[in-house]
Amino acid sequence: MIFQVHERTHTPHDPLTAALGRPISPDDGLTEHTVVACWPGLDSYTLDDEQATWTSAQWAQHLEDPLLEHPFAASPNDDRRAILHLEIRLHRDDRVLTGPQWAETAHRLARAAGIEIPGDEHGCQWIAVQAQPGRLDLIANLIRLDGTWNTQPANVLQRLSVEGRRIEGDLRLTPAPTATQPQAPAPVPTATGHLASVLSQLADEHAGPLATVRSLIEHTAHRIARQPGATRPDTAHRLELIARRLHAIQQDLDTTAAHLSVVRPSVAPAPPAVRSATHRSP
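Just so it is clear, the structure is predicted and the values come from calculations on it, not from any experiment.

This part covers helix 3 (residues 56-69). Over its 14 residues, helix 3 extends 20 Å from the first C-alpha to the last, a length consistent with the 20 Å expected when each residue adds 1.5 Å. Within helix 3, burial applies to Ser 56, Trp 59, Ala 60, His 62, Leu 63, Glu 64, Asp 65, Pro 66 and Leu 67.

Structure follows, in structure tokens:
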């Protein structure tokens, strides 16, 4: 099993889209063959007369609910990006797992990641999506039902790796490769390289400050578009244009950083060799 913990996001729309391999929709229906597992409290959270099959848009709204119900909940670093996306891939030669095997895998990994604690009635809302061959996606909201923030273990990748090895043994799956390739020595940093690194951090699509601002603007536009009022379409459209301009700025910064990274400092030519003059007597 190969694990990838994606950068947290403000909404579950992009993680769920990536998990499904297609855009979310209010018209589809995700059965238990796609949403193979979810947080244990969902049965008591929903009403008896609600439909058994939810659309992908309804699942996205469900995962987003804690953000709306607890508007002041944030991480210890005052971060509101509460949507966690964990991607798991099997070896390409592994056999096809059954629904119950995917469900068992999802619950075990959710416990290893600290998003499901047995007996905790106020834990995180999460789902496990199995929509692409050999792939499982866990999407969780780190804002708990009581409004507090669920802090993950510091060694979460190590815990996932250990549990993944156990699951591989229990289900007779192909172990993930553990051999490491020798790494080349790190280049000596230069002033130009440092400036390129700064620009790259600003342009970073996942953790850069401009990406965070753009995500907040896109989220606000999405929320405004769903609110009643005569001016909401125009306001939402203007916010979308602002987000596009920010994205263009990110691309310009990324291009400039790439240019700086290949620029080599000019080296002054070596002075000509000093030739000794031979004094000859007339």
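Attention shifts here to the pattern of salt bridges. Counted under the stated rule, the structure contains 14 salt bridges. Among the ionic pairs, Arg 22 bridges to Asp 28, the shortest N-O distance being 2.8 Å. Of the charged contacts in the structure, one is a salt bridge between Asp 79 and Arg 81, with a shortest N-O distance of 3.1 Å. You can call Arg 81 buried: its relative accessible area is 16%. Each member of the salt-bridge network shares a partner with another, and the members are Glu 104, Arg 108, Glu 163, Arg 166 and Asp 170.

A separate point is the sheet that holds strand 3 (residues 83-89). Taken in spatial order, the five strands of this open sheet run 1-3-5-4-2, and their pairing is antiparallel. With one partner strand each, in any of the chains shown, strand 1 (2-5) and strand 2 (35-38) form the two edges of the open sheet. The average angle at which neighbouring strand axes cross in this sheet is 20 degrees, direction not considered. Direction of pairing for strand 3 relative to strand 5 (residues 135-141): antiparallel, over a ladder of seven bridges. Bridging from a neighbouring strand, Leu 86 pairs with Leu 138 of strand 5. Together, strand 3, strand 4 (125-132) and strand 5 form the strand contacts of helix 1 (residues 13-20), whose direction differs from that of strand 4 by roughly 30 degrees.

How each quantity is defined
Residues numbered from 1 in each chain as written. Predicted model: local features only at pLDDT ≥ 70, side-chain atom pairs only at ≥ 80, totals over all residues. Heavy atoms only, no water. Helix = DSSP H or I, 4+ residues; strand = E, 2+ residues; numbered from the N terminus. Expected span 1.5 Å × (residues − 1). Buried < 20%, exposed > 50% of the residue type's maximum accessible area, 1.4 Å probe, protein only. Salt bridge = Lys/Arg side-chain N within 4 Å of Asp/Glu carboxyl O. Pairing = 2+ DSSP bridges. Axes fitted to C-alpha atoms, helices over the stretch in contact; angles between N-to-C directions. Contact = heavy atoms within 4.5 Å.

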